[in-house]
Amino acid sequence: MDIRLDGRCALITGASQGLGLAMSVKFAAAGAKVAMVARTPGPLEAARAQAEAAGSPGAALAVVADISTAEGTEAAYQAAKAGLGKIDILVNNAGGAKALPFEEASDETWQADLDLKLFAAIRLSRLCLPDMKAQRWGRIINVLNSFARTPGPRSAPTSVSRAAGLALTKVLASELAPHNVLVNAMLTGTFKTEQIRRAAGDKPLEDWYATLAKRIPLGRVGEPEEFANLALFLVSDAGGYITGAGINTDGGQAAAP
Ligand SMILES: NC(=O)c1ccc[n+]([C@@H]2O[C@H](COP(=O)([O-])OP(=O)(O)OC[C@H]3O[C@@H](n4cnc5c(N)ncnc54)[C@H](OP(=O)(O)O)[C@@H]3O)[C@@H](O)[C@H]2O)c1
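Residues numbered from 1 in each chain as written. Predicted model: local features only at pLDDT ≥ 70, side-chain atom pairs only at ≥ 80, totals over all residues. Heavy atoms only, no water.

Take the pairing of strand 1 (residues 9–13) next. Across the five residues of strand 1, five count as buried, placing the element largely inside the fold. Alternating residues of strand 1 divide into Cys9, Leu11 and Thr13 and Ala10 and Ile12, and every residue in both groups is buried. Sheet analysis places strand 1 next to strand 2 (residues 33–38), joined by five bridges and oriented parallel. Bridge pairing in strand 2 places Ala10 opposite Val34. The handedness of the strand 1 to strand 2 crossover, carried by helix 1 (residues 18–29), is right-handed. (Buried < 20%, exposed > 50% of the residue type's maximum accessible area, 1.4 Å probe, protein only. Helix = DSSP H or I, 4+ residues; strand = E, 2+ residues; numbered from the N terminus. Pairing = 2+ DSSP bridges. Right-handed = clockwise from strand over helix to strand, strands pointing away.)

Within the structure shown, the criterion is met by 11 salt bridges. Measuring nitrogen to oxygen at the nearest pair gives 2.8 Å for the salt bridge that ties Lys26 to Glu225. Placement of Lys26 in helix 1 and of Glu225 in helix 8 (residues 224–235) is noted, with a sequence separation of 199 residues between them. Given a relative accessible area of 17%, Lys26 falls into the buried group. A salt bridge links Asp88 to Lys86; the nearest nitrogen and oxygen atoms lie 3.2 Å apart. (Salt bridge = Lys/Arg side-chain N within 4 Å of Asp/Glu carboxyl O.)

Okay, the layout of surface pockets next. Quantified by volume, the second largest pocket comes out at close to 160 Å³. As for the second largest pocket, its lining consists of Thr190, Phe191, Ile216, Leu218, Arg220, Val221, Gly222, Glu226, Thr249, Asp250, Gly251 and Gln253. Taken together, the residues of the lining of the second largest pocket sort by class into four nonpolar, five polar and three charged. (1 Å grid on protein atoms, 1.4 Å probe; cavity = no way out; pocket = protein on both sides within 12 Å on 5 of 7 lines; lining within 4 Å. Points joined across faces, edges and corners; volume = space filled by probe spheres on them. Nonpolar A, V, L, I, M, F, W, Y, C, P; charged D, E, K, R; others polar.)

Among the secondary structure elements, Arg139 is positioned in strand 6 (residues 138–145). Despite its burial, Arg139 remains without a salt bridge, the nearest opposite charge being carried by Asp237 at 4.1 Å. Polar contacts involving the side chain of Arg139 include one to the main-chain carbonyl oxygen of Ser236, which spans 3.0 Å. With sequence-adjacent residues up to four places away left out, Arg139 is seen in contact with Asp88, Ile89, Leu90, Met132, Asn180, Leu182, Leu234, Val235, Ser236, Asp237, Gly239 and Gly240. (Lys, Arg positive; Asp, Glu negative; His and termini not counted. Polar contact = N/O pair within 3.5 Å; in protein donor to acceptor, adjacent residues only side chain to side chain. Contact = heavy atoms within 4.5 Å.)

Around the ligand lies a shell of 29 residues, among which Ser16, Arg39, Thr40, Asn93 and Thr193 are the nearest. In the environment of the ligand, an oxygen atom lies 2.8 Å from a nitrogen or oxygen atom belonging to the backbone of Leu19. Gly189 is positioned with one of its backbone polar atoms (N or O) 3.2 Å from an oxygen atom of the ligand. Contributions of two or more residues to the shell around the ligand are made by helix 1, strand 6 and helix 6 (194–198). Tallying contributions element by element places helix 6 first for the shell around the ligand, with four residues. For the shell around the ligand, the class distribution of residues is 10 nonpolar, 14 polar and five charged. (Near = heavy atom within 4 Å.)

What follows is the structure in C-alpha cells.
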C-alpha cells in the first residue's frame, strides 16, 4: 500500500529526535508539510533539514517552543499555522521518562509531568480543533506508553499522566467523530531513541539493547521508523475507520492487550 499525505500539514511535538523525528521524516517523505516543535534550536534545525531532505523543499518548518506552558503551546501553534497555513494533523509526542516511587514525587514533579504530557495535548488539541472541524478532516495522535493501561510500582507520575492521556483520547474521539476528526493513542514500548540510550549509562549500547530485549517478546528493541509506520497509517486516509483506539506499539511487551 502506497500511503500518501500530499496536501496535508502536520504539527509534531518533540520532533528534534527519536520518535518525533522519525514521524516527521516519514510524513514529509509521504508528501506532507511538517512543523517540528522542540526547545533546543541546534538539534531541531538538524532534524528539520533531515525531514526536508526526505520530502520536498519547504516541507519542514522548525518551531522552537516549550510546550509545557499555555504560552508555549499557543506560540507553537501560531508559528506552525503561520508557516504552513493550516494544521490537519496533530501529534502530541513530546515527553520524558520521569518514573519514581510515589513517595519521592513532589508536587512540582507531578505538575511538570502533567504540564508536558497531558496539558500540552489538551491545549494543542483545543487550538487545532476549530479548523479541523470546519474542514471536516483531522487527525490527532497522542503518544503514550504501556503504563497507561498497566501502571506498576515506581511509575509515578508518568503512569498517571499516560492513563489520563488515554482517557483524553477516548473523550476526544467520541466527541469529534461526527466531524471526521479521528483521535488515537499509540502506546510505546522500547525504541532506540536518546531516552533509551541515556538509560544505558556506561554500558555498551548493544549490550544494553540485548538486556532490554529479554523483556520483549519479539526479542529486540524497536526502530523509530517502525513506530512511524503505524503513525503514518493512522493519519492517512487509509486509517479513516480507526478512532478512539489505544494501540500497543511495542513488540508484544505490554501485559495488557
Ligand atoms: N523511546 C522509548 O522507548 C519510549 C518509551 C516510552 C515512552 N516514550 C514516549 O514517546 C515519546 C517520544 O519518545 P523519544 O524516546 O523519542 O523521546 P526523546 O528522544 O527523549 O525526545 C524528546 C523530544 O521532546 C522534546 N521536548 C521535551 N520537552 C519538551 C518541551 N517542554 N517542549 C517542547 N519539546 C520538548 C525534545 O527536545 P528538546 O529537549 O530540545 O525540547 C525532543 O525532541 C515521549 O513522550 C516518550 O515519553 C518513548
